[in-house]
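Structural description and commentary
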Amino acid sequence: MMVIMHEGATDEQIAHVVARIEAVGASAHVSLGERVAVIGAIGDREELAGVPLEACAGVDRVVAILKPYKLVGREFHPHDTIVEVRGVKLGGDHFAVIAGPCSVETEEQVMEAARAVAAAGGSMLRGGAFKPRSSPYAFQGLGIEALKLLAAARDETGLPIVTELMDPRDLDDLLEYADVVQVGARNMQNFQLLAEVGRCPAPVLLKRGLAATIEEWLMAAEYIVKEGNTQVILCERGIRTFETATRNTLDISAVPVVRLACHLPVLVDPSHATGRPDLVLPLSLAAVAAGANGVLVEMHPNPEHALCDGPQSLSPVAFAEYAERVGELVRWTGKTVS
Ligand code: PEP
Ligand code: MN
């Protein structure tokens, strides 16, 4: 529930309400607005309902919150969260263009990709070291070797690195070489993995599950933030529907729905959403128009020979043109590309 204090409520009154909430084993999160303080109470609903908070001095009203996510919702945290990675900002008016290959294959490939991202004004480099593949016979990624190549690409270009974690046992290695931990669509409800990345010091990019509702997605983010890591970036990457014209169906309405309900930055991945390079630009423009805080795009120096997701990847030349067009619309909406 949410306790809204009167304008001018004193620090003592706020502290008293916090103490009453904590006395029943719940936690209290104070948000000091310009005019009023709001205290979010998180804990057992029944226990909290038994505390007569309306009767406490300084309390204006108590509002029951039906939404199950509290930490990622806007009620207690009305302002946009800005995630910062090595000086690159994401969220609010900061838009990020994150690009790179599906998976890291060779030193030459990742270096070429990184240079192309940097040359086009991209914000960060993506690349998979540990790949979630539907087939156990498909290329599974180069693991730690790939992380080292990504770190070398960062050393040369300055681009922060985004890469996926599938197994908590790889977290320390990943943190040694990369900057943002991606939790992929298939692991969106791997709750132990979520809790583990919730305790790590790096920002987490959380993709929406293939068949997850927006509420389930936000609850997954809640798992991470609950452990203390507030630096979470959401990414809509298409959901499974009956439609077969595209690999998945980009739920573009998820962008404004989440932006209204949640303070975390929201990205769109048009590559996995469509599986088609010719749809990457139009859907990225749609994402910008819908209020997204960035895009995550697959780009490969030689898509034809990619070991993973080549058919949906942009070439470096196509990416340069793409980044230009996306950048124009971003600026038109009043945002800046980080
Ligand atoms: C990826 O970004 O490389 C990836 C595997 O994406 P998703 O988890 O959305 O399928
Ligand atoms: Mn991919």
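In what follows, the accompanying structure is described.

Broken down by element type, the protein chain carries 11 helices and 15 strands. Taking the principal axes of the C-alpha coordinates as reference, the protein chain spans close to 70 × 45 × 45 Å. For the protein chain, the residues scored as buried account for 54% of the 338 residues in total. Here the analysis covers contacts within the protein chain between residues at least 6 apart in sequence; of these, 69% occur between residues at least 24 apart. Of the accessible surface of the protein chain, which amounts to about 14,600 Å², a share of 52% is contributed by carbon and sulfur atoms.

The next thing to look at is unusual backbone geometry. The phi torsion at Arg86 lies on the positive side, around 45 degrees, for a residue other than glycine. Locating Arg86 in the fold gives a position in the loop between β5 (83-85) and β6 (88-90). Judged by its relative accessible area of 55%, Arg86 falls in the exposed class. In this structure, Asp309 is a non-glycine residue whose phi angle is positive, near 55 degrees. By secondary structure assignment, the location of Asp309 is in the loop between β14 (294-298) and α11 (316-332).

Okay, the coordination of the manganese ion (ligand 2) next. Donor atoms from the polypeptide that coordinate the manganese ion (ligand 2) comprise Cys102 (SG), His272 (NE2), Glu298 (OE) and Asp309 (OD), at 2.0 to 2.4 Å from the metal. Expressed as a motif, the donor residue spacing for the manganese ion (ligand 2) is C-x169-H-x25-E-x10-D. In this pair, Cys102 sits in the loop between β7 (94-100) and α3 (107-119) while Glu298 sits in strand β14, placing the two residues 196 residues apart along the sequence. For Cys102, a relative accessible area of 1% corresponds to the buried category.

The rules behind the values
Residues numbered from 1 in each chain as written. Chains lettered and ligands numbered in written order. Predicted model: local features only at pLDDT ≥ 70, side-chain atom pairs only at ≥ 80, totals over all residues. Heavy atoms only, no water. Helix = DSSP H or I, 4+ residues; strand = E, 2+ residues; numbered from the N terminus. Buried < 20%, exposed > 50% of the residue type's maximum accessible area, 1.4 Å probe, protein only. Contact = heavy atoms within 4.5 Å. Areas by Shrake-Rupley, 256 points an atom, 1.4 Å probe, with all protein chains shown as cover. Donors = N, O, S within 2.8 Å, 3.2 Å for Na, K, Ca; no water.

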